[in-house]
Amino acid sequence: MDDDYYLSCEEDEEEKEEEEDDYDKDDNDQYEQAHRDESTKSTSQIITNESLVAAQKEVLVRVMELLTLKKSQARTLLIHYRWNVDKLLDVYSERGKESLFKTAGLTVFAHTSLSESRYSLRKKMTCEICMDDDLQSYTMTRMDCGHCFCNNCWKEHFTVKINEGMSKRITCMAHKCNAICDEDVVKKLVYPELAEKFDRFLVESYVDDNKRVKWCPSTPHCGNAIRREDDGGEVECSCGHQFCFSCLSESHSPCSCLMWKLWKKKCEDESETLNWITVHTRMCPKCSKAVQRSDGCNLMTCICGQHFCWLCGGATGVSHTWTTIDGHSCGKFKEEKVRQMERAKRDLKRYTHYYHQYRSHTDSSKQEFKLRESVREKVASLSEKTHKSEQKWASNGADLLFRSRKVLSYTYVFAFYMFGEELFKDEMSDEEREMKKILFENLQQQLIGYIERLSKTLNQPFDYYSSDELEKMNDETMRFGIVVDNLCKEMYECIENELLGPTVAGHNHSIAPYRSEGIEKAIEFGADMV
Ligand SMILES: [Zn+2]
Ligand SMILES: [Zn+2]
Ligand SMILES: [Zn+2]
Ligand SMILES: [Zn+2]
Ligand SMILES: [Zn+2]
Ligand SMILES: [Zn+2]
Ligand SMILES: [Zn+2]
């Protein structure tokens, strides 16, 4: 049985049996153990401010040991390869150490020992930057690339770079030299506060330049980053924020990142307002104000006193009937103009329809977010009153309700693009589109029906229920829950196999998978290593 929801139902069955038997501690431990094992399977980890250094060190040490490097060298390499150890090692095994080092701005053999003697023989040295020719060798610093300048010039260079926020890859000052300066030298030469800032940049590079690690996009920012082994998908931070790991927006499955981006823009955009204006107003030919049509009459009158024709926008006299204006024959009347208007009208109507559905389910999901809390409270107060273990089915049901409602609301955004002309215009015939739309809307309708039933069931004041009433509510919650869960799965299968799958453009739309147990919760960094 691979059905997770069924599994969680079974657990609840066991729970109930436990209630009836005497409370058995061993069983409970096993239950908790099973849950712990499950949670460590998480492919996402939370990296807090405190564990950031440790998370980075783990990778640094790996590269240092594999290639026998200094920490600063390992970090320069990793920053260059965007913390992708596999890629770094591929380059190493394919092209060798020298090539690996060179592309990252490192020198395999440091020049220090090579030319030390030559420099120390000469009493006075010259800095090629400031042209000071009266310098002792100890006031000069030579980088691994061999270029040597006075400490004041280096310090000036580093300070500027760090303040510019370019400190992750500070290159050598010499003309056309792309070597990366040793981070230890940088830290030694700049003011301590700046060295600290520099260090912070280096540490945060692990998040900023790393495809597998991203800052949690919560506002206000919770301070966490999430490391994820899988590409894309959705994840929940310990702060409770659920987001799409690909585009960092709020979670939006089964809508693709591209669809979600277009939709958000559309909702904010002036274009819909423009559509509304095109459909409902005409510009006065005299003063250029937009005039709204108040009834079906074709004669418009602007507040400036100008009369004009609704159909063509041309200035007219005042005398008219319902359909004609005296002395006016719609001379500039253009087919194209009417078509444009009809199109704007149709687009606006279509958008409005999907938007209202989307909004109404989003609003419900906000209500059900609160319901989830109140169900938890009722579960807690019930277990306190009855001295029995918690009615987990109720809180599980509320969780399912909340996430399936969110899925439902995003299916409208998906449908808006799937069956619209913007993204999939030439992918199917009109008949095919209509057929698929009916299939999808049929699933949506079924899902709405069961979600509403589940919602109604969970809205009951069950903290005052008798055990018979509770039993009945438990049954209903389970029954509706299983159907809701299965319908969600069916919906995703339909999207994958019937809708996006057969299209060419569908490959640009990866949909974060549906999970019965909800969006994956990231676990603390290091929790899976204990
Ligand atoms: Zn100098
Ligand atoms: Zn250099
Ligand atoms: Zn967070
Ligand atoms: Zn996304
Ligand atoms: Zn006017
Ligand atoms: Zn009239
Ligand atoms: Zn006209």
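Here's what I pulled together on the structure shown here. If you're wondering where the values come from, they're calculated on a predicted model, not measured in any experiment. (Residues numbered from 1 in each chain as written. Chains lettered and ligands numbered in written order. Predicted model: local features only at pLDDT ≥ 70, side-chain atom pairs only at ≥ 80, totals over all residues. Heavy atoms only, no water.)

**A word on the overall build of the protein**
- Across its full length, the protein holds 15 helices and 14 strands.
- The buried share among the 530 residues of the protein stands at 44%.
- On the protein, roughly 29,600 Å² of surface is accessible, and the fraction owed to carbon and sulfur atoms is 50%. (Helix = DSSP H or I, 4+ residues; strand = E, 2+ residues; numbered from the N terminus. Buried < 20%, exposed > 50% of the residue type's maximum accessible area, 1.4 Å probe, protein only. Areas by Shrake-Rupley, 256 points an atom, 1.4 Å probe, with all protein chains shown as cover.)

**Observations concerning the nonpolar core**
- Membership of the largest hydrophobic core comes to 55 residues, with the highest contact counts inside it found for Leu77, Trp154, Phe158 and Tyr206.
- Here the element with the most residues in this core is helix H9 (residues 192-208); it accounts for seven residues.
- The next biggest cluster of nonpolar side chains, apart from the first, holds 52 residues, and it includes Ala398, Tyr412, Phe419 and Cys494. (Core = buried A, V, L, I, M, F, W, Y, C linked by side-chain atoms within 4.5 Å.)

**Some thoughts on helix H5 (residues 85-104)**
- Its 20 residues give H5 an end-to-end C-alpha distance of only 14 Å, which falls more than 12% under 28 Å, the value for a rise of 1.5 Å per residue.
- Within H5, the axis deviates most sharply at Gly96, by approximately 125 degrees.
- All buried positions along H5 are accounted for by Val85, Leu88, Val91, Leu100, Phe101 and Ala104.
- Considering only its buried residues, H5 is in contact with helix H3 (52-67) and helix H4 (71-80).
- Among the residues trailing H5, Gly105 stands out with phi positive, at a value near 85 degrees. (Expected span 1.5 Å × (residues − 1). Bend = angle between axes of the 7 residues up to and from the residue. Contact = heavy atoms within 4.5 Å.)

**Here's the deal with the side chain of Thr281**
- Mapped onto the elements of the fold, Thr281 is located in strand S8 (residues 281-283).
- Judged by its relative accessible area of 9%, Thr281 falls in the buried class.
- Aside from chain neighbours lying at most four places away, what touches Thr281 is Trp276, Ala290, Val291, Gln292 and Trp310.

**Looking at the sheet that holds strand S14 (residues 523-524)**
- The strand order across the open sheet built from four strands is S4-S5-S1-S14, with neighbouring strands paired in mixed fashion. The sheet terminates laterally at strand S4 (213-215) and S14, the two strands that pair on one side only.
- Direction of pairing for strand S1 (residues 44-47) relative to S14: parallel, over a ladder of two bridges. Across the sheet, residue Gln45 finds its bridge partner in S14, namely Ile523.
- Its contacts with the sheet put H9 on S1, S4 and strand S5 (225-228), and the angle it makes with S4 is roughly 105 degrees. (Pairing = 2+ DSSP bridges. Axes fitted to C-alpha atoms, helices over the stretch in contact; angles between N-to-C directions.)

**A few points about the coordination of the zinc ion (ligand 2)**
- Only Cys145 (SG), His147 (ND1), Cys172 (SG) and Cys177 (SG) from the protein coordinate the zinc ion (ligand 2), and they sit 1.9 to 2.3 Å from it.
- Viewed at the metal, the four donor atoms of the zinc ion (ligand 2) are separated by angles of 106 to 113 degrees, and the geometry they form is tetrahedral.
- Looking at Cys145, the relative accessible area reads 17%, which means it is buried. (Donors = N, O, S within 2.8 Å, 3.2 Å for Na, K, Ca; no water. Tetrahedral: all angles 85-135°; square planar, octahedral: opposite > 155°, others 65-115°.)

**Focus on the pattern of salt bridges**
- One pass over the full model with this rule turns up 24 salt bridges.
- The shortest N-O distance in the salt bridge between Arg227 and Glu58 comes to 3.2 Å. A residue pair is termed long-range when its members are at least 10 positions apart, and Arg227 in strand S5 and Glu58 in helix H3 qualify at 169 residues.
- With a relative accessible area of 11%, Arg227 lands in the buried category.
- Residue classification places Glu58 among the partly exposed residues on the basis of a relative accessible area of 32%.
- A salt bridge links Arg376 to Asp399, with the shortest nitrogen-to-oxygen separation between them at 2.8 Å. You can see Arg376 sitting in helix H12 (residues 335-386) and its partner Asp399 sitting in helix H13 (residues 392-418), a full 23 residues away along the chain.
- Counted as one network, the salt bridges with shared partners bring together Arg75, Glu183, Lys187 and Asp199. (Salt bridge = Lys/Arg side-chain N within 4 Å of Asp/Glu carboxyl O.)

**Considerations on the pairing of S5**
- Residues Ala225 and Arg227 point to one face of S5 and Ile226 and Arg228 to the other, with burial holding for every one of them.
- Sheet topology note: the S1/S5 ladder contains four bridges and is antiparallel. Note that in S5 the partner of Ile47 across the bridge is Ala225.
- Across three bridges, S4 lies against S5 in antiparallel orientation. Its bridge partner lying in S5, Trp215 is registered against Ala225.

**Regarding the packing of helix H10 (residues 257-268) against H13**
- The N-to-C vectors of H10 and H13 enclose an angle of 95 degrees; their axes lie 10 Å apart at closest approach. One way to sum up the angle between H10 and H13 is to call them roughly perpendicular. Judged by residue contacts, Met259, Trp260, Leu262, Trp263 and Lys266 of H10 engage Tyr410, Val413, Phe414, Phe416 and Tyr417 from H13.
- Along the lines of polarity and charge, the residues of the contact of H10 with H13 split into nine nonpolar, no polar and one charged. (Parallel < 35°, antiparallel > 145°, perpendicular 65-115°, else oblique. Nonpolar A, V, L, I, M, F, W, Y, C, P; charged D, E, K, R; others polar.)

**Some words on the sheet that holds strand S7 (residues 242-244)**
- If you walk across this open sheet you meet the three strands as S7-S6-S13, and the pairing is mixed. One side of each edge strand has no neighbouring strand; the edge strands of this open sheet are S7 and strand S13 (520-521).
- The pairing of strand S6 (residues 234-236) with S13 spans two bridges and is classified as parallel. Among the inter-strand pairings, Glu236 is bridged to a residue of S13, identified as Lys521.

**Thoughts on H3**
- For H3, with 16 residues, the first-to-last C-alpha span of 23 Å sits near the 22 Å given by 1.5 Å per residue.
- Along H3, the residues that are buried comprise Leu52, Ala55, Gln56, Val59, Leu60, Val63 and Leu67. Mapping the buried residues of H3 onto a view down its axis gives an arc of 130 degrees, with all of them on the same face. Opposite the packed face of H3, turned more than 90 degrees from it, sit the exposed residues Lys57 and Glu65. (Arc of directions from axis to C-beta.)

**Some remarks on the coordination of the zinc ion (ligand 3)**
- All of the protein donors around the zinc ion (ligand 3) are Cys216 (SG), Cys222 (SG), Cys237 (SG) and Cys239 (SG); their distances to the metal are 2.2 to 2.3 Å.
- Read in sequence order, the donor residues coordinating the zinc ion (ligand 3) give the pattern C-x5-C-x14-C-x1-C. Of this pair, Cys222 sits in the loop between S4 and S5 while Cys237 sits in the loop between S6 and S7; the two residues are 15 residues apart in sequence, bridging distant segments of the chain.
- Looking at Cys222, the relative accessible area reads 29%, which means it is partly exposed.
- What makes Cys237 buried here is its relative accessible area of 2%.

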